[in-house]
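Reading the structure
Residue-level listing of the chains:
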Amino acid sequence: MKNKAVLVLLLALVATFAAYAQSNKETPYSTKTFSGSLSNLRVETSGGSIAVEGTNSNGVKVDMYVQANNWNGRDNLSQAELEDRLKEYEIDIRTEGSTVIATAKRRNRDNNDWKRGLSIGFKVYTPRTMQTNLRTSGGSIRIASLTGEQNFTTSGGSIKVHDLDGVVRGRTSGGSIEVDKCTKDVELTTSGGSIRANDLNGKIALKTSGGSITLNNLDGDIEAMTSGGSIKGDAIKGALNTSTSGGSIRLAKVAGSLRASTSAGAIEVDFDRLGDYVTLSTSAGSVRVHMPMDKGLDLDLRGNKVNINSPLKNFNGRADKDRVQGSMNGGGIPVKLTANSGSVYVN
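As a starting point, this report considers the structure included with it. (Residues numbered from 1 in each chain as written. Predicted model: local features only at pLDDT ≥ 70, side-chain atom pairs only at ≥ 80, totals over all residues. Heavy atoms only, no water.)

Right, let's talk about the overall build of the protein for a bit. Helix and strand content of the protein: two helices and 26 strands. Considering only residue pairs separated by 6 or more positions, the protein has 41% of its internal contacts joining residues 24 or more positions apart. A total accessible area of about 16100 Å² is found for the protein, and carbon and sulfur atoms account for 43% of it. (Helix = DSSP H or I, 4+ residues; strand = E, 2+ residues; numbered from the N terminus. Contact = heavy atoms within 4.5 Å. Areas by Shrake-Rupley, 256 points an atom, 1.4 Å probe, with all protein chains shown as cover.)

Structure follows, in structure tokens:
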């Protein structure tokens, strides 16, 4: 477990170096442009960042950025030294049918001389109707303003996604994720960072093993899971299934179905409208809920103390200090609130 943590840290450092290199090299090392009927993009590099941006142009432009990926001599690296190190890499920028290909690979993969390593990144400008397959082992990925299926993976950097219309699948082992203004299916996973999602519609799956999750203005079938952080949300519609093993859950302006659980924190939810069900549980905290009570409800509330600050109108069931179970207004929406070592408060 310790070795895995060290590996994630090293990958994150590599990503930082790569991002620094690319951001401080505004002029591309080389540029290639392509025209024709192009609908797919494949980019792969072992030591740099990848950025793809959709435009109104019919052509594709590929900018390649090159920098040393170590601090030693970064600023003093001469053009001759840069070109000498590039001889150790296989660079391939071309088209194959309807696919644009941009790859950078070290010829001798067993070469461990990291001091001679390079950060080779790509920034690609494409038509909006472009499908992508992106992969980097040592940098961040940024992708924006595209329609179609997008697939991307990085082992050592962050992911930023903006304005995508189509199926989106992305994964990082060492960075955070930011995603906004996307529709249809979104599936994003990180093993070492936080997730921030804004203005999404559709089927949404967000997972992290080591960070917090922030959700704003989401509508659809939503899954948000973390093993090591808190969960916050505002303006959530549709159906949300969320859980954390190491933090609190706080949601506001929820209008829909909700299933939420935590093993080490409190749960606070403010409903604008109830959906088909409400299931909230915590093992080490309280549950606080504000929700409409004028609907048909099937209540199952359990805690060290259950406090309902609203009249139980047309209620049929039991109402004890630590348990409320029964139907209101003829029953209907199942509401299950459980605090194993805390209290339950409603309204």
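In this section: helix α2 (residues 79-86). For α2, the set of buried residues is Leu82, Arg85 and Leu86. For α2, the arc enclosing every buried residue in end-on projection is 105°, short of the 170-degree limit, so these residues lie on one face. Its buried side turned inward, α2 meets β4 (60-68), β5 (89-96) and β7 (118-127). (Buried < 20%, exposed > 50% of the residue type's maximum accessible area, 1.4 Å probe, protein only. Arc of directions from axis to C-beta.)

Counting residues in hydrophobic clusters, the biggest one holds 79 residues, and the most contacted among them are Phe122, Leu280, Met291 and Leu337. Not counting residues up to four positions away in its chain, the partners in contact with methionine 291 are Phe271, Leu274, Leu297, Leu299, Val335, Val346 and Asn347. (Core = buried A, V, L, I, M, F, W, Y, C linked by side-chain atoms within 4.5 Å.)

This part takes up the pattern of salt bridges. For the structure shown, the criterion picks out twelve salt bridges. The closest approach of N and O atoms between arginine 128 and aspartate 163, which form a salt bridge, is 3.3 Å. Of this pair, arginine 128 sits in the loop between β7 and β8 (131-136) while aspartate 163 sits in strand β11 (residues 159-165), placing them 35 residues apart in sequence. Arginine 128 sits in the partly exposed class, given a relative accessible area of 30%. Residue class for aspartate 163 comes out partly exposed when judged on its relative accessible area of 25%. We note a salt bridge from aspartate 300 to arginine 323, for which the minimum N-O separation is 3.3 Å. Here aspartate 300, found in strand β21 (residues 297-302), pairs with arginine 323, found in strand β24 (residues 323-328); they are 23 residues apart in sequence, far enough to count as distant. (Salt bridge = Lys/Arg side-chain N within 4 Å of Asp/Glu carboxyl O.)

A separate point is the pairing of β5. The pairing of β5 with strand β6 (residues 99-106) spans eight bridges and is classified as antiparallel. Its bridge partner being in β6, tyrosine 89 is matched across the sheet by arginine 106. (Pairing = 2+ DSSP bridges.)

Quick look at unusual backbone geometry now. Here the phi dihedral of serine 145 falls at roughly 60°; this positive angle occurs in a residue that is not glycine. Structurally, serine 145 can be placed in strand β9 (residues 141-147). Residue serine 145 is classed as buried on the basis of its relative accessible area, which comes to 14%. For asparagine 329, which is not glycine, the phi torsion reads 55° and is therefore positive. Note on placement: asparagine 329 falls in the loop between β24 and β25 (333-339). Judged by relative accessible area, which is 26%, asparagine 329 ranks as partly exposed.

What follows covers the packing of aromatic side chains. Counting across every chain of the model gives zero aromatic pairs. Positioned over the ring face of tyrosine 345 is arginine 288, at 4.1 Å from the centre of the ring. (Phe/Tyr/Trp six-rings, centres within 6.5 Å; stacked < 30°, edge-to-face > 60°. Lys NZ or Arg CZ within 6 Å of the ring centre and 35° of its normal.)

This paragraph deals with the environment of leucine 38. Turning to its location among the elements, leucine 38 is positioned in the loop between β1 (30-34) and β2 (40-45). In this structure leucine 38 comes out as buried when scored by relative accessible area, which is 10%.

Where β21 and β24 come together, six bridges link them in antiparallel fashion. Its bridge partner lying in β24, arginine 302 is registered against arginine 323. As judged from the six bridges shared by β21 and β25, these two strands associate in the parallel manner. Bridge pairing in β25 links leucine 301 to leucine 337.

This brings us to the environment of leucine 258. With respect to the helices and strands, leucine 258 occurs in strand β18 (residues 249-262). When the C-alpha positions of leucine 258 and glycine 238 are compared, they lie 8.6 Å apart, and in sequence the two are 20 residues distant.

Residue class for aspartate 300 comes out buried when judged on its relative accessible area of 14%. In terms of polar contacts, aspartate 300 uses its side chain to reach the side chain of arginine 302, at 3.2 Å. Separated by 3.3 Å, the side chains of aspartate 300 and arginine 323 make a polar contact. Apart from residues no more than four positions distant in its own chain, aspartate 300 is found in contact with Arg323, Val324, Gln325, Val335, Lys336 and Leu337. (Polar contact = N/O pair within 3.5 Å; in protein donor to acceptor, adjacent residues only side chain to side chain.)

Relative to the assigned elements, threonine 214 resides in strand β16 (residues 213-226). Setting aside anything within four residues of it in sequence, one finds threonine 214 in contact with Ile195, Arg196, Ala197 and Lys232.

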